[in-house]
Amino acid sequence: MANDQTKFLLSERDIPTHWVNLLPDLPGDPMPPLHPGTLQPLGPDDLAPLFPARLIEQEVTTDPEVEIPGPVREAYKLWRPTPLYRAHRFEHALGTPARIYYKYEGTSPAGSHKPNTAVAQAYENAEAGIRKLSTETGAGQWGSALAFACSLFGLECEVFMVGSSYDQKPYRRSIMRTWGATVHRSPSDRTEAGRGQATHPTGSLGIAISEAVEVAANNADTNYSLGSVLNHVMLHQTVIGIESIAQLELAGDEPDIVIGCVGGGSNFAGLTFPFLRRVLRGEARTRFIAAEPAACPTLTRGAFRYDFGDTAGLTPLLPMHTLGHDFVPPPMHAGGLRYHGDAPMVCALVKAGVVEPRAYRQNETFAAAVQFARAEGILPGPEPAHAIRAVVQEAERAKQTGERPVILFGLSGHGHFDLAAYDAYLDGELADPEFSEADMDAALARLPEVPA
Ligand SMILES: *Cc1c(COP(=O)(O)O)cnc(C)c1O
């Protein structure tokens with residue numbers, strides 16, 4: 001009787017005990033991160049000024065499973081397991097024969113998937129005797145998630161918030177301050193990296209990362225924390241996909257297509273990696289679609305190269321699809337998708353052809369989000385709205401072919417702090433930025449030279 005059910009719920013007992021590590025199953029040759037000064041492969045010691053040993057271990061381990069520490073599972077109980085929904089009403093609105101499910105991460109205290117890694121990172125830093133975490137935030141979701149996690153484990157939290165978001169999203173700042181964090185507008189005058197950016201008054205994620213890394217590198221009691229891109233962040237997020245597998249079993253379905261949005265890649269990795277492992281091991285034939293904005297089209301149009309993670313070139317070089325580390329994306333409302341690169345693990349899967357990337361314009365994305373909200377009620381964040389746009393495309397294809405694919409997508413967060421963007425869309429005043437050939441040429445010209 002699963003077929004007329006809407007929510008598929010697990011109990012606290014079903015919170016996963018282990019994260020899934022896809023590293024040992026990843027296709028292609030491993031490409032190590034490179035030291036920004038010497039361009040030689042990075043040793044674990046190089047990361048020690050920024051990260052605790054346990055997170056560095058999780059970054060490089062090839063164990064296929066990593067045990068989730070007890071206190072992290074306890075913290076997960078505040079919102080996990082998250083619900084899986086069957087989108088009966090959305091299917092009906094689309095008139096599609098496809099069966100559509102979504103895993104909703106907006107029920108966490110911060111309203112997105114980001115606390116899944118924030119609590120794991122705060123816990124390991126507190127265990128290592130660190131007093132404070134510094135980080136950057138774009139739209140504010142990561143800063144809120146880390147502020148929340150630091151409050152659970154008794155750490156101070158210092159957040160560099162991208163200037164344009166700081167001005168436009170004062171309520172995200174209020175949440176971070178309520179959880180006890182200190183928030184600076186980036187570029188700030190507190191760091192050398194910030195003081196050098198007078199020409200970019202609205203800031204960028206790359207600049208804010210440089211500032212946060214500088215603070216951690218210069219203070220022994222302070223570590224840096226990153227909300228996406230790195231292997232250990234992908235690892236922590238796999239609780240999303242592990243729970244989804246159990247919930248789809250309750251529903252009696254297997255997904256044919258799994259869809260997520262990609263900014264740095266963490267919610268996509270979290271949902272897809274447990275399913276992807278089955279495909280890489282020849283046990284399933286699922287398709288995977290990564291949805292990104294046309295204004296910051298890293299996976300669809302970026303070059304697969306070594307590049308820095310930040311604007312100032314302080315971070316290690318990572319092998320990834322990139323638009324150039326000093327690329328400043330046009331203002332757009334999916335703030336969480338405005339990053340010049342992507343997680344190396346996700347890029348390796350795109351390069352191997354296992355994950356299909358697609359880019360969507362801002363207006364078609366909001367059209368899909370509004371259609372979803374009017375059917376299912378939940379108001380999606382502008383980031384997962386890109387995944388919904390891809391779902392609409394697949395649902396329409398199913399209508400034409402008459403197939404009945406099972407589609408699972410990640411609803412990584414709600415859009416309750418993005419109402420100005422919804423207003424702009426509903427008033428017909430939403431900009432629709434694109435990425436031009438000239439932008440692409442300029443991006444390629446700026447990539448650092450790395451000997452092969
Ligand atoms: C930050 C964020 C994203 C983008 O980051 P990923 O690492 O690609 O997941 C997507 N959705 C939401 C709700 C976010 O907060």
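Criteria and cut-off values
- Residues numbered from 1 in each chain as written.
- Predicted model: local features only at pLDDT ≥ 70, side-chain atom pairs only at ≥ 80, totals over all residues.
- Heavy atoms only, no water.
- Helix = DSSP H or I, 4+ residues; strand = E, 2+ residues; numbered from the N terminus.
- Rg over C-alpha atoms; globule rule 2.2 N^0.38 Å.
- Buried < 20%, exposed > 50% of the residue type's maximum accessible area, 1.4 Å probe, protein only.
- Contact = heavy atoms within 4.5 Å.
- Areas by Shrake-Rupley, 256 points an atom, 1.4 Å probe, with all protein chains shown as cover.
- Pairing = 2+ DSSP bridges.
- Axes fitted to C-alpha atoms, helices over the stretch in contact; angles between N-to-C directions.
- UniProt positions renumbered as here; feature names shortened; annotations may be inferred.
- Core = buried A, V, L, I, M, F, W, Y, C linked by side-chain atoms within 4.5 Å.
- Salt bridge = Lys/Arg side-chain N within 4 Å of Asp/Glu carboxyl O.
- Near = heavy atom within 4 Å.
- Polar contact = N/O pair within 3.5 Å; in protein donor to acceptor, adjacent residues only side chain to side chain.
- 1 Å grid on protein atoms, 1.4 Å probe; cavity = no way out; pocket = protein on both sides within 12 Å on 5 of 7 lines; lining within 4 Å.
- Sits in = over half its atoms within 2 Å of the grid points.

The next point concerns the overall build of the protein. Assigned secondary structure in the protein consists of 19 helices and 15 strands. Taken against the 2.2 N^0.38 rule, which gives 22 Å for 452 residues, the C-alpha radius of gyration of the protein at 20 Å falls within 12% of a compact globule. Residue burial in the protein is summarised as follows: out of 452 residues, 62% are buried. At a minimum sequence separation of 6, the contacts of the protein that also span at least 24 residues come to 77%. For the protein, the exposed surface amounts to about 17,200 Å²; the carbon and sulfur share of it is 49%.

Our next topic: the sheet that holds strand β8 (residues 182-186). Strand order in the open sheet formed by four strands is β8-β7-β6-β9, with parallel pairing between adjacent strands. Sheet topology places β8 and β9 (222-224) at the edges, where each strand pairs with a single neighbour. The mean inter-strand angle of the sheet, taken between neighbouring strand axes irrespective of direction, is 25°. Relative to β9, strand β6 (residues 132-137) runs parallel, the two being bridged by three bridges. Across the sheet, the residue bridging to Leu133 is Asn223, located in β9. Sitting on the sheet, helix α6 (residues 141-153) is in contact with β6 and β7 (156-162), with an inclination near 165° to β6. Sitting on the sheet, helix α10 (residues 205-218) touches β6, β7, β8 and β9, and the angle it makes with β6 is about 170°.

Next up on the list: the UniProt feature "modified residue: N6-(pyridoxal phosphate)lysine" (unreviewed entry) in the protein. Annotation from UniProt places "modified residue: N6-(pyridoxal phosphate)lysine" (unreviewed entry) at Lys114. Along the chain, Lys114 turns up in the loop between β5 (99-104) and α5 (115-127). Excluding residues that lie within four positions of it along the chain, Lys114 makes contacts with Gln141, Trp142, Ala145 and Gln237.

All right, on to the sheet that holds β5 then. Spatially, the seven strands line up as an open sheet ordered β1-β4-β5-β15-β10-β11-β14, and their pairing is mixed. Looking at the sheet topology across the chains shown, the edges are occupied by β1 (7-8) and β14 (355-360). Looking at chain direction, strand β10 (residues 257-261) and strand β15 (residues 406-411) are connected through three bridges and run parallel. In the strand pairing of β15, Val258 is matched with Leu408. Set on the sheet, helix α12 (residues 239-251) makes contact with β1, β4 (84-86), β5 and β15; between it and β5 the angle comes to about 140°.

Time to look at the nonpolar core. Grouped together as the largest cluster of nonpolar side chains are 53 residues, with contacts concentrated most on Tyr101, Tyr224, Phe273, Val346, Val355 and Leu408. Leave out the neighbours within four places in its chain, and Val346 touches Met234, Gly265, Phe268, Ala269, Phe273 and Leu299.

This part covers the pattern of salt bridges. Per the counting criterion, the structure on display carries 25 salt bridges. One salt bridge in this structure joins Glu74 and Lys77, with 2.9 Å as the shortest N-O distance. Classification of Glu74 by relative accessible area gives partly exposed; the value is 47%. With a closest N to O distance of 2.8 Å, Asp253 and Arg99 form a salt bridge. One end of the pair, Asp253, is in the loop between α12 and β10; the other, Arg99, is in strand β5, with 154 residues separating them in the sequence. On the basis of relative accessible area, Asp253 is assigned to the buried category, the value being 10%.

Before going further, it helps to spend a moment on the site of the ligand. The full set close to the ligand counts 18 residues, and Lys114, Ser228, Gly263, Asn267 and Ser412 are the nearest of them. Separating an oxygen atom of the ligand from a side-chain N or O atom of Gln141 is a distance of 3.3 Å. With respect to the ligand, the backbone of Gly263 contributes an N or O atom lying 2.7 Å from an oxygen atom. Protein contact buries 97% of the 380 Å² of open area that the ligand shows by itself. Under a 2 Å grid-point criterion requiring more than half of the atoms, the pocket assigned to the ligand is the largest cavity. At the level of elements, α13 (266-280) and α17 (382-401) are the ones that each hand at least two residues to the shell around the ligand.

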